[in-house]
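Each chain, letter by letter, is given below.
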Amino acid sequence: MQKIKLDIVGDPVSHSKSPIIHSTVLTGLGLDFEYRRVCVKKGELEDYLAEAQELGINGFSLTMPHKKDIIEFLDFIDDEAMLFGSVNTVKVKDGRLLGYNTDGRGFAQSVFDYGFDFTEKNIVIFGAGGAASTVALKSEMEGAKKITILNRTLSSAESIAKRLKKCKTDVGTLTLDSISEAAHDCDIFINATPLGMSGVSVDFEDFSFFDSLKMGSLVFDLIYNPSETTFLKEAKRRGFDTLNGFGMLIYQGLWADKFFLEMPIDFPVLKEKIEAELKKI
Ligand code: NAP
């Protein structure tokens, strides 16, 4: 079988966990492969695509700042990538560029994996950046009843809410009061800001909003470094189910491999292997 050539493309790209995720999958499947981190600056995607064609690259993952910029170069874009306006996975097939978004799939699968679902649920999201937008749109797609978006900059929360067509929406500025109010009838409480992330100096200052959250709610922090943020520690201490961003990260990678390789992928087995590899670093 021919060597499989995959890249992760972005700027910066040195921090990316993609090489570990995909190398573990390709090794686990017994495939011969080459995996590169390629630093491509904004505006230089076209040069990368020419290089990828010359080298016979079979597919590549995309991170900041290229997830939107790649769209004009694609021959096909899948429904979720179209809805999110963002592509993180490109398969090269017969010289054509096929674009997918696996972030939403990764997010939803990590929630399903934990025994929760979105049907008729009230979802509260802190943040209104790229991740929050994917989380909101995917939650709606999976049947959420109401989505509340709280963000430091209200206009960004409003922009996401405008894109939600089927569920009820609410928006607000991210304050202790607004979080506490939204917590009252919330089923899944999601942090999609970098508050509490390793290397970020700011964190939530007060966790009394958990007093308003009903027991049985899932508290989800998209952050995976540290594996347990103060947000999750405080939630766990009060008896809530908690989930970090590792599952989302791993599942988006496994979905990407499903598109790259077009072969059956044993998600549970490979997820376990990837977790073990990520724990080593
Ligand atoms: P982003 O597009 O830069 O958005 C960041 C959001 O956080 C914005 O809404 C921003 O508010 C808000 N924010 C930033 N600093 C803040 C502060 N000091 N106080 C309050 N709000 C603040 O980032 P992103 O890509 O959406 O990522 C968000 C988080 O999700 C990160 O922690 C990232 O690591 C995590 N993530 C995890 C995965 C995974 O696979 N697990 C995938 C993607 C992202 P403004 O609009 O006011 O600036």
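Remember, it's a predicted structure, so these values are computed and weren't measured experimentally.

**Points about a negative patch on the surface**
Here comes step 1: On the surface, a cluster of negative charge is contributed by Glu44, Glu46, Asp47 and Glu72.
Here comes step 2: Structurally, the position occupied by glutamate 46 is in helix H2 (residues 45-55).
Here comes step 3: Using a relative accessible area of 54% as the deciding quantity, one classes glutamate 46 as exposed.

**Brief notes about the packing of helix H1 (residues 18-28) against helix H9 (residues 246-261)**
Here comes step 1: Running from N to C, H1 and H9 cross one another at 50 degrees; their axes reach a closest spacing of 10 Å. Judged by the angle between their axes, H1 and H9 are oblique. Seen along the crossing, H1 lies across H9 with a hand that is right-handed. Seen from H1, the contacting residues are Ile21, His22, Val25 and Leu26; seen from H9, they are Leu249, Ile250, Gly253, Leu254, Ala256, Asp257, Phe260 and Leu261.
Here comes step 2: When its residues are assigned to classes, the contact of H1 with H9 shows nine nonpolar, two polar and one charged.

**Points about helix H5 (residues 130-141)**
Here comes step 1: For H5, spanning 12 residues, the distance from its first C-alpha to its last is 17 Å, which sits close to the expected 16 Å at 1.5 Å a residue.
Here comes step 2: In terms of burial, H5 is a largely internal element, nine of the 12 residues being buried.
Here comes step 3: Tucked into the core, H5 has its buried residues touching helix H3 (79-84), helix H4 (103-113), strand S7 (122-126), strand S8 (146-151), helix H6 (154-163) and strand S10 (188-191).
Here comes step 4: Trailing H5 by a residue or two, glycine 143 shows a phi angle of about 100 degrees, which is positive.

**Here's the deal with the nonpolar core**
Here comes step 1: Phe107, Val111, Ile125, Ile147 and Ile190 are the most contacted members of the largest nonpolar core, which totals 28 residues.
Here comes step 2: Breaking this core down by element, the ones donating at least two residues are H4, S7, H5, S8, H6, S10 and strand S11 (218-221).
Here comes step 3: Broken down by element, this core gets its largest block of residues, four residues, from H5.
Here comes step 4: Those residues in contact with isoleucine 125, other than ones at most four positions away along the chain, are Ala132, Val135, Ala136, Ile147, Thr148, Ile149, Leu150, Ile190 and Ala192.

**Here's the deal with the domain arrangement of the protein**
Here comes step 1: Along its sequence, the protein is carved into domain 1 (4-101 + 247-279) and domain 2 (116-244).
Here comes step 2: A straight line from the C-alpha centre of domain 1 to that of domain 2 covers 27 Å.
Here comes step 3: Taken together, the contact pairs eight residues of domain 1 with nine residues of domain 2.
Here comes step 4: Across the interface of domain 1 and domain 2, roughly 790 Å² is buried in total on both sides, 67% from carbon and sulfur atoms.
Here comes step 5: For the pair domain 1 and domain 2, the interface holds one salt bridge.
Here comes step 6: Between glutamate 80 and lysine 138 there is a salt bridge, and its shortest N-O distance comes to 2.6 Å.
Here comes step 7: Across the contact surface, domain 1 and domain 2 share three residue pairs in polar contact (both at pLDDT 80 or more).
Here comes step 8: When residues of the side of domain 1 that touches domain 2 are traced back to their parent elements, those giving at least two are H3 and H9.
Here comes step 9: Looking at the side of domain 1 that touches domain 2, its residues break down into four nonpolar, two polar and two charged.

Thresholds applied
- Each residue is numbered by its place in its chain's sequence as written, counting from 1.
- Only residues with pLDDT of at least 70 are given local features in this predicted model, and only at 80 or more are side-chain atom pairs given and counted; all residues enter the totals for whole chains, interfaces and linings.
- Only heavy atoms go into the side-chain values, all of them from the structure, while hydrogens and water stay out.
- Each patch is built from salt-bridge-free residues with over 30% relative accessible area, joining like charges within 9 Å and nonpolar side chains (Val, Leu, Ile, Met, Phe, Trp, Tyr) within 5 Å.
- Per-residue and other accessible areas follow the Shrake-Rupley method at a 1.4 Å probe size, with only the shown protein chains counted as cover for residues.
- By salt bridge we mean one thing: a side-chain nitrogen of Lys or Arg within 4 Å of a carboxyl oxygen of Asp or Glu.
- By the counting rule applied here, Lys and Arg register as positive and Asp and Glu as negative, while His and the ends of each chain are not counted.
- All charge positions are set by atom: Lys at NZ, Arg at CZ, Asp at CG, Glu at CD.
- Elements are defined by DSSP. Helices are runs of H or I of four residues or more, strands are runs of E of two residues or more, and each kind is numbered from the N terminus.
- Here the term buried applies to any residue with accessible area under 20% of the maximum for its type, exposed to any over 50%, and partly exposed to those in between, with areas from a 1.4 Å probe on protein chains only.
- Only the stretch in contact is used when fitting a helix axis, every axis being a line fitted to C-alpha atoms; angles between N-to-C directions are given from 0 to 180 degrees.
- If an angle is under 35 degrees, it is roughly parallel; if it is over 145, roughly antiparallel; if it lies from 65 to 115, roughly perpendicular; otherwise it is oblique.
- For a crossing to be left-handed, the near helix must be turned anticlockwise from the far one by less than a right angle; the clockwise case is right-handed.
- Working rule for contacts: check all heavy atoms of both residues, and any pair within 4.5 Å makes them a contact.
- Throughout, the ten residues Ala, Val, Leu, Ile, Met, Phe, Trp, Tyr, Cys and Pro are labelled nonpolar, Asp, Glu, Lys and Arg are labelled charged, and all others, Gly among them, are labelled polar.
- By this rule, a helix spans an expected 1.5 Å times one less than how many residues it contains.
- Nonpolar core, defined: a set of buried Ala, Val, Leu, Ile, Met, Phe, Trp, Tyr and Cys residues in which side-chain atoms within 4.5 Å join the residues together.
- In this document the domain limits rely on a domain assignment from an automatic tool or a database.
- As a working definition, buried area equals the accessible area (1.4 Å probe) given up by two parts on being put together, with both sides summed.
- Any N or O atom pair separated by 3.5 Å or less is treated as a polar contact, with the protein-specific requirement of one donor-capable and one acceptor-capable atom, and with residues adjacent in sequence counted only for side-chain atom pairs.

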